[in-house]
Amino acid sequence: MMKGLVFDLDGVLADTAKYHYIAWKQLAMEIGITIDEAFNEQLKGISRQESLARILAYGGKSRDFSEEELTILAENKNRHYVELLEQLTPADALPGVTRFLAEARAQNIPCSVASASKNAPFILNKLALDDYFVGVVDPSALNKGKPHPEIFVKAAALMRLQPNEVIGFEDAQAGIDGIKACGMYAVGIGEAGQLKGADRLISDLTEISIEELISL
């Protein structure tokens, strides 16, 4: 019987990925690199620093900036992203999210967040979802990012559970890989043919119930 739930944020609880894309696209343009939505798919689920590294490699500029300049670039992107996030309201939670979390709370099933975003607490507050979670993993405290399972192990520990007692929800392949690597049951949120290795694939949280999951 499953006892807890772990959620990624972008693309699972809210569609904040579009704001990441806008901010990364603007930063890339400023340094002479053009990215599109297809390229942006590979930035989902990974850290800000890794995303920047991939953009620079894509544009052939991996060696053009010092460590200090890379830090400034990442900070500029995040500043723009946070400005965009000010537009968020509870109505921006993805379909079924609020109902699903309310059902989990009604059945005393703890939930935690495993997101690479350092802005996760701010976003949850804007969405009025923060009270549904016992904790949010701090990505700055991780030794390795997704697809390494560390973030999911820590998310389970926030609920005082072992990974094999937990169900993880992800929309990125790196996240699914991390979930499976620590022995969690993986629910992928995406389209058929995506997210290899997911135990269950759904379009959004309207397609699944708490009762169905806790019986696994």
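Here goes a summary of the coordinates provided. (Residues numbered from 1 in each chain as written. Predicted model: local features only at pLDDT ≥ 70, side-chain atom pairs only at ≥ 80, totals over all residues. Heavy atoms only, no water.)

Thoughts on the layout of surface pockets
Quick reminder of the rule: Think of a 1 Å grid over the protein atoms and nothing else: a 1.4 Å probe that fits but is trapped marks a cavity, an open set flanked by protein within 12 Å on at least five of seven lines marks a pocket, and residues with an atom within 4 Å of a point count as lining. Grid points are joined across faces, edges and corners, and a volume is the space filled by probe spheres set on the points. Here a strand is any run of E in DSSP of at least two residues, a helix any run of H or I of at least four, and the numbering for each starts at the N terminus. Classification used: nonpolar for Ala, Val, Leu, Ile, Met, Phe, Trp, Tyr, Cys and Pro, charged for Asp, Glu, Lys and Arg, polar for all others including Gly.
Taken as a whole, the largest pocket holds about 660 Å³ of empty space. Contributing to the lining of the largest pocket are 29 residues, with Glu-41, Lys-44, Asp-171, Ile-189 and Gln-194 lying nearest its centre. The set of elements that each furnish at least two residues to the lining of the largest pocket consists of α1 (17-30), α2 (37-40) and α8 (173-181). Sorting elements by how many residues they give to the lining of the largest pocket places α1 first, with three residues. When the residues that make up the lining of the largest pocket are grouped by side-chain class, the tally is 13 nonpolar, seven polar and nine charged. What the second largest pocket holds in volume is close to 540 Å³. Forming the walls of the second largest pocket are 33 residues, and the residues nearest its centre are Ile-46, Ser-47, Arg-48, Ala-116 and Ser-117. For the lining of the second largest pocket, the secondary-structure elements that each account for two or more residues are α1, α3 (48-58) and α4 (67-85). Across the lining of the second largest pocket, the residue classes tally to nine nonpolar, 13 polar and 11 charged.

Here we look at the nonpolar core
The nonpolar side chains of soluble globular proteins are, as a tendency, buried together. For clarity, the threshold we go by: Each nonpolar core is a collection of buried residues, namely Ala, Val, Leu, Ile, Met, Phe, Trp, Tyr and Cys, held together in the definition by side-chain atoms within 4.5 Å. Between buried and exposed lies partly exposed: a residue is buried under 20% and exposed over 50% of the maximum accessible area for its type, with that area taken using a 1.4 Å probe on protein chains only. Contacts between residues were defined by any pair of non-hydrogen atoms, one from each residue, lying within 4.5 Å.
One finds Leu-5, Phe-7, Phe-133 and Phe-169 to be the most contacted residues of the largest nonpolar core, which totals 39 residues. Residue contributions to this core peak at four residues, all from helix α5 (residues 97-106). Among all residues touching Phe-133, those that are not within four sequence positions of it are Phe-7, Leu-13, Leu-101, Cys-111, Ser-112, Val-113 and Leu-124. Phe-152, Leu-161, Val-166 and Leu-195 belong to the second largest nonpolar core, which has 17 residues in total.

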